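Structural overview for review
Listed below are the residues making up each chain.
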Amino acid sequence: MKRTTRIKKKTKHRLWYLGVLAVLVLVLVIFNLALSPMRNAKKQATQLAQQYAGLKEETAFYHYNRNHTYYTVAGTNDKKQKIYAIVAQNGKKINVYQQNEGISEASAKKITQQTGNVKKITHTALGMHKNKPVWEISYLNSYGNLCYDLLDFKTGKVVKTIQNI
């Protein structure tokens, strides 16, 4: 009788462990599927930057989504120049800029921190706004509200700001 009880308990434990394992596998599969579109976009943008901008080494990737979506690949080209290749979502337009033609990501963050009531910067991206390259800095202000600043890539001036979303 005791033996049967032990076997039943072992079977219950095994089924419970299998259930937990199945849930973990399901979560990982869903997470992987959720990231798949961004991985594909990064791969496509990088390939286009290699083909049209001579990108040899990628150092950063940005996703910008305002009125239009852009993917930016930062890196070094075949002439050893540091560049940003800003690729439109449809892949039909690529803007290439020398990194030294404008402000860096770190400078954009610093400008935003100096101009506003910034508690925490949550996202930084380089994209296009009205046919000009801009840094988008999203952050939480001291009230915990989401805010955005668009900074002109070449001058660092604030192009647009949205507060307390």
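In this report, the structure presented in the accompanying data block is examined. Predicted model, so just to flag it, every value in this text is computed and none were measured.

1. Here we look at the nonpolar core
As a rule of thumb, soluble globular proteins bury nonpolar side chains together. Counting residues in each nonpolar core, the largest one holds 19 residues, and the members touching the most others are Tyr62, Tyr84, Leu126 and Trp135. For this core, the secondary-structure elements that each account for two or more residues are strand E1 (55–65), strand E2 (69–77), strand E3 (82–88), strand E5 (118–129), strand E6 (132–141) and strand E7 (146–152). Grouped together as the second largest cluster of nonpolar side chains are 11 residues, Leu48, Ala53, Tyr71 and Ala85 included.

2. Thoughts on the sheet that holds E5
Read from one edge to the other, the open sheet built from four strands follows the order E5-E6-E7-E8, with strand pairing classed as antiparallel. Every interior strand has two partners, whereas the edge strands, E5 and strand E8 (158–162), have only one. Ignoring which end each strand starts from, the neighbouring axes of this sheet average 20° apart. When E5 meets E6, the two strands line up antiparallel, connected through 10 bridges.

3. Here's the deal with the sheet that holds E2
Through backbone hydrogen bonds, the strands of a sheet pair up, either in parallel or in antiparallel fashion. With respect to topology, four strands assemble into an open sheet ordered E1-E2-E3-E4, the strand pairing being antiparallel. In this open sheet, the two edge strands, each paired with only one partner strand, are E1 and strand E4 (94–98). Neighbour to neighbour, the strand axes of the sheet diverge by 20° on average, direction disregarded. Bridge count between E1 and E2: nine bridges; the pairing is antiparallel. Bridge pairing in E2 places tyrosine 62 opposite threonine 72.

4. Regarding a nonpolar patch on the surface
There is a patch of nonpolar side chains on the surface, built from Leu15, Leu18, Leu21 and Val25 and spanning about 400 Å² of accessible area. Along the chain, valine 25 falls in helix H1 (residues 2–53). The partly exposed category is assigned to valine 25, whose relative accessible area is 45%.

5. What about the pattern of salt bridges?
Per the stated rule, a full pass over the model turns up three salt bridges. For lysine 109, the salt bridge goes to glutamate 105, with nearest N and O atoms at 3.7 Å. A residue pair is termed a helical-turn pair when its members lie 3 or 4 positions apart in one helix, as lysine 109 and glutamate 105 do in helix H2 (residues 105–115) at four residues. With relative accessibility at 30%, the residue lysine 109 sits in the partly exposed group. What makes glutamate 105 partly exposed here is its relative accessible area of 22%.

6. Regarding the side chain of asparagine 77
Looking at the secondary structure, you find asparagine 77 in strand E2. Using a relative accessible area of 7% as the deciding quantity, one classes asparagine 77 as buried. Looking at asparagine 77, its side chain comes within polar contact range of the main-chain nitrogen of glutamine 81, at 2.8 Å. Not counting the four nearest positions on each side in its chain, asparagine 77 is found in contact with Ala53, Gly54, Leu55, Lys56 and Ile83.

7. Re the environment of lysine 154
Along the chain, lysine 154 falls in the loop between E7 and E8. Judged by relative accessible area, lysine 154 falls into the partly exposed class, the value being 48%. Here the alpha-carbon distance between lysine 154 and glycine 102, two residues 52 residues apart in the chain, equals 3.9 Å.

8. Describing the packing of aromatic side chains
Throughout the structure, instances matching the rule amount to six aromatic pairs. Considering the side-chain rings of tyrosine 62 and tryptophan 135, the 5.4 Å spacing of their centres and the 90° angle between planes classify their relative orientation as edge-to-face. Of this pair, tyrosine 62 sits in strand E1 while tryptophan 135 sits in strand E6, and the two are 73 residues apart along the sequence. Each member of the pair, tyrosine 62 as well as tryptophan 135, carries the same accessibility label: buried. Both rings, one in tyrosine 84 and one in phenylalanine 153, keep their centres 5.7 Å apart while their planes meet at 85°; by these two values the pair is edge-to-face. Taken as a pair, tyrosine 84 in strand E3 and phenylalanine 153 in the loop between E7 and E8 lie far apart in primary sequence, 69 residues in all.

So, how was this worked out
Numbers given to residues run from 1 along each chain, matching the order in which its sequence is written. Thresholds applied to this predicted model are a pLDDT of at least 70 for local features of residues and 80 or more for the giving and counting of side-chain atom pairs; totals over whole chains, interfaces and linings are not thresholded and use all residues. Heavy atoms throughout the structure, all of them, feed into the side-chain values; hydrogens and water do not. What makes a nonpolar core is a set of buried Ala, Val, Leu, Ile, Met, Phe, Trp, Tyr and Cys residues whose side-chain atoms join them at distances within 4.5 Å. The rule is simple: take the accessible area with a 1.4 Å probe, protein chains only, and divide by the maximum for that residue type; under 20% is buried, over 50% is exposed, in between is partly exposed. Each helix is a run of DSSP H or I of at least 4 residues and each strand a run of E of at least 2, with the numbering of both proceeding from the N terminus. Note: two strands are recorded as paired if DSSP finds a minimum of 2 bridges between them. Fitting a line to C-alpha atoms yields each axis, with helices limited to the stretch in contact; the angle taken between N-to-C directions then spans 0 to 180 degrees. Here, patches come from residues exposed beyond 30% relative accessible area and free of salt bridges, joined within 9 Å for like charges and within 5 Å for nonpolar side chains (Val, Leu, Ile, Met, Phe, Trp, Tyr). Each accessible area is a Shrake-Rupley estimate made with a 1.4 Å probe; only the visible protein chains count as cover when residues are assessed. Note on definitions: salt bridges are taken to be side-chain nitrogens of Lys or Arg within 4 Å of carboxyl oxygens of Asp or Glu. For this analysis, a polar contact is any N or O atom pair within 3.5 Å, provided that within protein one partner can donate a hydrogen and the other can accept it, and provided that sequence-adjacent residues contribute only side-chain to side-chain pairs. Contacts are residue-level and defined by heavy atoms, with any inter-residue pair within 4.5 Å sufficient. A pair of aromatic rings is counted whenever rings of Phe, Tyr or Trp (Trp by its six-membered ring) have centres within 6.5 Å, and the orientation is called stacked for planes under 30 degrees apart, edge-to-face for over 60 and tilted otherwise.

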